[in-house]
Amino acid sequence: MVENAASGLAAQIEDTAPTKHKPLLEWVKETAELTQPDSVYWVNGSQEEYDRIAQEMVDAGSLVRLTDPQFPNSYAAFSDPADVARVESRTFICSEKEEDAGFTNNWKDPSEMKAILNDAFDGAMRGRTMYVVPFVMGPLDAKDPKFGVEITDSPYVVLSMRVMARVGSDVLNKIEETDAFFVPALHSVGAPLEDGQEDVTWPSSDTKWIVHFPEERSIVSYGSGYGGNALLGKKAYSLRIASAMARDEGWMAEHMLILKLTSPEGKSYTITGAFPSATGKTNLALIDPTLEGWTAETLGDDIAWITPNDDNELRVVNPEYGFFGVAPGTGWHTNPNAMRAISKGNTIFTNVALTPEGGVWWEGLTKEKPAKLTDWLGNAWTPESATPAAHPNSRFCTPIDQTDMLAEEYYSPDGIKLDAILFGGRRDNAIPLVTEARSWQDGVFKGATLSSAQTAAAEGTVGVVRRDPMAMLPFIGYAAGDYVQNWLNMEDKIGQENMPKIFLVNWFRRNDAGKFSWPGFGENSRVLKWVVERLEGQGQGTETPIGVIPTEDALDLNGLDISEENLINSIQFVAQEWHDEIPMIEEWFTKFGDKLPAAMTEELEGLKERLGLK
Ligand code: GTP
Ligand code: SPV
Ligand code: MN
């Protein structure tokens, strides 16, 4: 019976598919035969379609339409409490050889993994609709557009993908016209419905697999509906698969925000920032500078594709189309630009709390806590409740063009010239507020040894410090040593004198009272100003063993209310803290084995010497 239904479906696909692209049709048919959905639907990307799918979800009880006029045409979704973040322990890079996945990734033999996935996907979409979502990461008119097609049985994923990526008929037509390669990205929540079985609001499976085949450039994800596990254009494609493409083609796919900053003199600079998950990219990307006369425009808050060109420039493009931002901590007082974008509507919130007015709330949205809420688990909540109202990894998903500060270069397939790169960690100590790297190679060393306290963006213990190279630990699609080498190679491509300057930053140092000593958010513009001054060959600094840090009076502190103690605690270099770091870095480097580039050992030895440790 099932077989009949499945072969009927294959015929239906053949007759009704809006494309003749052979490999795509074959893959869709094969997938339908394996997963046995009730029906197949090709996503065209229209507003009408988005509204209809959202309405179907509202009718089914799996999406809440917000009625508070502060959030027009917006929805809230609530996940299964066991499906709230990326699952790094279930994320795999299945290269042919284990050594090519490297020590930062889980690995399984590709054919072994395919057998497992084949079993998991057998009948996995029973009782559900299989959606086919054609998408492109980056502008459709790029020289070499990076296409993908996500097959998913989650309407939530369909709606979110339409916000986060360019999807639909235009993309499909271009794939067909140019007979383009596309990355097949197969996703199921892994919760088939038997005849008459009632659905739950957030179907998912206890078993989760987030799998990448970097050599054949394909993705398979099973069991989760959340964020990077399921919106496969994002981390799976634009970082893990794209980083492998980038290594082969001589560019870089990075976990970075992209910010265009214009000084009072009218000079513009582009700065990217690689900070680990939930460590401040969206906030810096949307910064509202507190310094008079400085203008910030954004190009992206999470992913940057960086390509050397023939004019010896690094050009940077954001492949995404929306923001998937951490909700907690986002408010009018911390991130007004994000709030303005969200308030235009068309936003999908996940795992936030609901207000009695039919709006949303999360910790940090307002300074005052509302008297009454329904928390993300559906329970009544008051300020006296012991648990947070919103999940710490709750998110807003908003179209990028809703921000008033979007730079026009966002739309350019050639992107924008890159001038400076920030590496940032969440550290109570060790990393000063800002340090200028001594060279590109030293900057790569700073990136390769970047450390940060873990956050709620992935499973694991929040607060534990781990090394997170270039903020890419969970996203490098191949061996980490080769990845570091790819960074070093950029200098050979465009020349030492043309390299962006690299800076190490930390907004999260704590004082003796355990409080953040630097106010952060809009005040980070003071650090950006110093960065720009250094690019212009100005800006006072003190030479330290790790690089140049600003002198106390080099930072523009005009109008800033900060105690002397907090200022010093923020910007200082403490030799002892780096003496303590060295053994940790040495241990970290042993993990790279013989893939560790010699340049990294050279930098480590140089640092030890400058610290007086040898
Ligand atoms: P992902 O989307 O997971 O990659 O995160 P992200 O790097 O974009 O982090 P985001 O900007 O969303 O910030 C995460 C958390 O850090 C939020 O709760 C912010 O309020 C907080 N945060 C961001 N910038 C600052 C800052 O300058 N100082 C302090 N103290 N907190 C900050
Ligand atoms: C991150 O974890 O870095 C995110 C959220 O940006 S997710 O899309 O879930 O990866
Ligand atoms: Mn991220």
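Residues numbered from 1 in each chain as written. Chains lettered and ligands numbered in written order. Predicted model: local features only at pLDDT ≥ 70, side-chain atom pairs only at ≥ 80, totals over all residues. Heavy atoms only, no water.

With an unreviewed UniProt entry as reference, the chain is termed Phosphoenolpyruvate carboxykinase [GTP], source organism Enteractinococcus helveticum. Per its UniProt entry, the chain bears the Subunit (unreviewed entry) comment "Monomer." Looking at the chain in UniProt, the text filed under Catalytic activity (unreviewed entry) is "oxaloacetate + GTP = phosphoenolpyruvate + GDP + CO2". (UniProt positions renumbered as here; feature names shortened; annotations may be inferred.)

A word on the coordination of the manganese ion (ligand 3). A four-donor tetrahedral metal ideally has 109.5 degree angles, and a six-donor octahedral metal ideally has angles of 90 or 180 degrees. Donor atoms from the polypeptide that bind the manganese ion (ligand 3) are Lys-235 (NZ), His-255 (NE2) and Asp-302 (OD), placed at 2.1 to 2.5 Å. As a motif over one chain, the donors of the manganese ion (ligand 3) read K-x19-H-x46-D. Of this pair, Lys-235 sits in helix H8 (residues 233-249) while Asp-302 is found in the loop between strand S14 (295-300) and strand S15 (304-308), placing the two residues 67 residues apart along the sequence. Side by side, Lys-235 and Asp-302 carry an identical accessibility label, which is buried. (Donors = N, O, S within 2.8 Å, 3.2 Å for Na, K, Ca; no water. Helix = DSSP H or I, 4+ residues; strand = E, 2+ residues; numbered from the N terminus. Buried < 20%, exposed > 50% of the residue type's maximum accessible area, 1.4 Å probe, protein only.)

With that out of the way, let us pick up the packing of helix H11 (residues 440-448) against helix H16 (residues 598-610). Direction vectors running N to C along H11 and H16 enclose 90 degrees, while the axes themselves pass 9 Å from each other. As far as their axial angle goes, H16 and H11 are roughly perpendicular. Together, Gln-441, Asp-442, Val-444, Phe-445 and Ala-448 of H11 and Ala-599, Met-600, Glu-602, Glu-603, Leu-604 and Leu-607 of H16 make up the contact between the two elements. The residue inventory of the contact of H11 with H16, partitioned by class, reads 7 nonpolar, 1 polar and 3 charged. (Axes fitted to C-alpha atoms, helices over the stretch in contact; angles between N-to-C directions. Parallel < 35°, antiparallel > 145°, perpendicular 65-115°, else oblique. Contact = heavy atoms within 4.5 Å. Nonpolar A, V, L, I, M, F, W, Y, C, P; charged D, E, K, R; others polar.)

This brings us to the pattern of salt bridges. Tallied over the full model, the rule gives 38 salt bridges. Via salt bridges that share partners, Lys-234, Lys-235, Lys-281, Asp-302 and Glu-320 belong to a single interconnected network. (Salt bridge = Lys/Arg side-chain N within 4 Å of Asp/Glu carboxyl O.)

Attention now goes to the site of ligand 1. What surrounds ligand 1 is a group of 22 residues, the closest being Ala-278, Lys-281, Thr-282, Asn-283 and Arg-395. One of the backbone nitrogen or oxygen atoms of Thr-282 is found 2.8 Å away from an oxygen atom of ligand 1. Listed by contribution, the elements that provide at least two residues to the shell around ligand 1 are helix H9 (281-285) and strand S17 (322-326). With 3 residues, the top contributor of residues to the shell around ligand 1 is H9. For the shell around ligand 1, the class distribution of residues is 9 nonpolar, 9 polar and 4 charged. Looking at which domains feed residues into the shell around ligand 1, each of domain 2 (253-320 + 409-611) and domain 3 (323-402) supplies at least three. (Near = heavy atom within 4 Å. Polar contact = N/O pair within 3.5 Å; in protein donor to acceptor, adjacent residues only side chain to side chain. Domains from an automatic or database assignment.)

Let us now look at H11. With respect to burial, H11 is a largely interior element, 9 of its 9 residues being buried. The inward-facing, buried residues of H11 abut strand S25 (420-424), strand S26 (434-436), helix H12 (480-494), strand S29 (501-505), helix H15 (575-590) and H16.

Let us now look at the pairing of S17. Within S17, 4 of the 5 residues are buried, which leaves the element mostly enclosed by the surrounding structure. Bridging between S17 and strand S23 (residues 395-399) involves 5 bridges; their strand directions are antiparallel. Considered in S23, the bridge of Val-326 is made with Arg-395. (Pairing = 2+ DSSP bridges.)

Time to look at the UniProt feature "binding site: substrate" (unreviewed entry) in the chain. When the UniProt feature table is mapped onto this chain, "binding site: substrate" (unreviewed entry) is found at Arg-86, Tyr-226, Gly-227, Gly-228, Ser-277, Asn-393, Ser-394 and Arg-395. Arg-86 has contacts with Gly-228, Asn-229, Lys-235, Ser-277, Ala-457, Ala-458, Glu-459, Pro-474 and Phe-475, leaving out every residue within four places of it along the chain. Looking at the element boundaries, Gly-227 is found in helix H7 (residues 227-230). Look at Gly-227 and you get buried, because its relative accessible area is 2%.

This next bit is on the sheet that holds strand S2 (residues 64-65). Spatially, 5 strands are ordered S2-S3-S18-S23-S17 in an open sheet, and the strand pairing comes out mixed. In this open sheet, the two strands that pair with only one neighbour each are S2 and S17. As paired strands, strand S18 (residues 348-350) and S23 are joined by 3 bridges and run antiparallel to one another. Counterpart to Ile-348 in the pairing with S23 is Cys-397. Here helix H5 (residues 155-164) sits on the sheet in contact with strand S3 (75-77), S17, S18 and S23, set at roughly 55 degrees to S23.

This next bit is on the packing of aromatic side chains. Going through the model one piece at a time under the given rule, you end up with 24 aromatic pairs. A centroid spacing of 5.4 Å and a plane angle of 65 degrees characterise the contact between Phe-121 and Tyr-222, whose relative ring orientation is edge-to-face. In this pair, Phe-121 is assigned in helix H4 (residues 110-121) and Tyr-222 in strand S10 (residues 218-222), connecting sequence segments 101 residues apart. Classification of Tyr-222 as buried rests on a relative accessible area of 9%. (Phe/Tyr/Trp six-rings, centres within 6.5 Å; stacked < 30°, edge-to-face > 60°.)

The next point concerns the confidence of the model for the chain. Confidence along the chain averages 97 in pLDDT terms, with 99% of residues attaining 70 or more. Scoring the predicted complex yields pTM 0.97 and, for the interface, ipTM 0.99. (pLDDT = per-residue confidence, 0-100.)

Here we take up the pairing of strand S1 (residues 39-42). Along a regular strand, successive side chains alternate from one face of the sheet to the other. Residues of S1 alternate between two faces, with Val-40 and Trp-42 buried on one and Ser-39 and Tyr-41 left unburied on the opposite face. The pairing of S1 with strand S5 (residues 129-137) spans 4 bridges and is classified as parallel. In the sheet register, Val-40 faces S5, and the bridge partner there is Met-130.

If you add up the space inside the second largest pocket, you get close to 560 Å³. Looking at the second largest pocket, it is lined by 19 residues, and the ones nearest its centre are Lys-143, Asp-144, Thr-307, Pro-413 and Asp-414. Going through the elements one at a time, S15 and strand S16 (314-317) are the ones with two or more residues in the lining of the second largest pocket. Ranked by residues supplied to the lining of the second largest pocket, first place goes to S15 with 3 residues. The residue inventory of the lining of the second largest pocket, partitioned by class, reads 8 nonpolar, 4 polar and 7 charged. Domain assignment of the residues forming the lining of the second largest pocket places at least three in each of domain 1 (1-59 + 89-250) and domain 2 (253-320 + 409-611). (1 Å grid on protein atoms, 1.4 Å probe; cavity = no way out; pocket = protein on both sides within 12 Å on 5 of 7 lines; lining within 4 Å. Points joined across faces, edges and corners; volume = space filled by probe spheres on them.)

On to the side chain of Asn-506, then. Structurally, the position occupied by Asn-506 is in the loop between S29 and helix H13 (525-535). In this structure Asn-506 comes out as buried when scored by relative accessible area, which is 2%. Here Ile-431 takes part through its backbone oxygen, which lies 2.9 Å from a polar atom of the side chain of Asn-506. Beyond its immediate sequence surroundings of up to four residues, Asn-506 is in contact with Gly-425, Arg-426, Arg-427, Asn-429, Ile-431, Pro-432 and Leu-433.

On to the site of ligand 2, then. The local shell around ligand 2 consists of Arg-86, Gly-227, Gly-228, Lys-234, Lys-235, His-255, Ser-277, Asp-302, Phe-324, Arg-395, Ala-457 and Phe-475. With respect to ligand 2, the backbone of Gly-228 contributes an N or O atom lying 2.8 Å from an oxygen atom. At a separation of 3.3 Å, an oxygen atom of ligand 2 approaches a polar side-chain atom of His-255. Taken by itself ligand 2 offers 280 Å² of open surface, and the protein chains cover 98% of this. Of all the secondary-structure elements, those providing two or more residues to the shell around ligand 2 are H7 and H8. Tallied by class, residues from the shell around ligand 2 come to 3 nonpolar, 4 polar and 5 charged. Both domains that furnish three or more residues to the shell around ligand 2 are identified here as domain 1 (1-59 + 89-250) and domain 2 (253-320 + 409-611). (Areas by Shrake-Rupley, 256 points an atom, 1.4 Å probe, with all protein chains shown as cover.)

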